[in-house]
Amino acid sequence: GKYLYLEDLFIEEEYRGRGCGKSIMLSLADIASRSCCSRFVWQALDWNTPALKFYQAIGANICDGLVTVRLNEDQIKRC
């Protein structure tokens, strides 16, 4: 089904802990809901513990076993 994908989110250090990230994520969740999306998806680095804790605090599920797989430009040309 249709889903909203967040490519990247970065909150400057001086704005962390002020509700900015939560406000952005809740706004995006609202957009996903109003757009009849079945999922709102993004990725986080497994070593970024503060981000993972934040995502869990807003109710997100951390999916185990997912890995990022990609081809770089040279590899694409060889396919």
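Residues numbered from 1 in each chain as written. Predicted model: local features only at pLDDT ≥ 70, side-chain atom pairs only at ≥ 80, totals over all residues. Heavy atoms only, no water.

**A few points about helix α2 (residues 49–57)**
- Within α2 the residues assigned to the buried category are A51, L52 and Y55. Angularly, the buried residues of α2 cover 100° about the axis, an arc narrow enough to put them on a single face. For α2, the exposed residues lying more than 90 degrees away from the buried face are P50, K53 and A57.
- Buried residues in α2 make contact with α1 (20–34).
- At the C-terminal side of α2, G59 shows a positive phi close to 100°. (Buried < 20%, exposed > 50% of the residue type's maximum accessible area, 1.4 Å probe, protein only. Helix = DSSP H or I, 4+ residues; strand = E, 2+ residues; numbered from the N terminus. Arc of directions from axis to C-beta. Contact = heavy atoms within 4.5 Å.)

**Here's the deal with unusual backbone geometry**
- Backbone geometry places C36, a non-glycine residue, at a positive phi of 60°.
- Checked against the element boundaries, C36 lands in the loop between α1 and β2 (39–41).

**Regarding the nonpolar core**
- If you look at the biggest cluster of nonpolar residues, it comprises seven residues: L6, M25, L28, W42, A51, Y55 and A60.
- Those elements giving two or more residues to this core turn out to be α1 and α2.
- Apart from residues no more than four positions distant in its own chain, L28 is found in contact with L4, L6 and F40. (Core = buried A, V, L, I, M, F, W, Y, C linked by side-chain atoms within 4.5 Å.)

**Let's talk about the pattern of salt bridges**
- Taken as a whole, this structure holds three salt bridges when the rule is applied.
- A salt bridge links R34 to D30, with the nearest nitrogen and oxygen atoms 2.8 Å apart. Linking R34 with D30, this pair stays in helix α1, spanning four residues, or about one helical turn.
- Judged by its relative accessible area of 59%, R34 falls in the exposed class.
- Relative accessible area serves as the criterion here: at 38%, D30 is assigned to the partly exposed category.
- Of the charged contacts, one joins E73 and K77 as a salt bridge, the two residues approaching to 3.5 Å between their closest N and O atoms. (Salt bridge = Lys/Arg side-chain N within 4 Å of Asp/Glu carboxyl O.)

**Thoughts on the confidence of the model for the protein chain**
- On average, the protein chain scores 93 in pLDDT, and the residues at 70 or more come to 100%.
- For the protein chain, helix α3 (residues 73–78) is the element with the lowest average pLDDT, namely 91, and α1 is the one with the highest, namely 96. (pLDDT = per-residue confidence, 0-100.)

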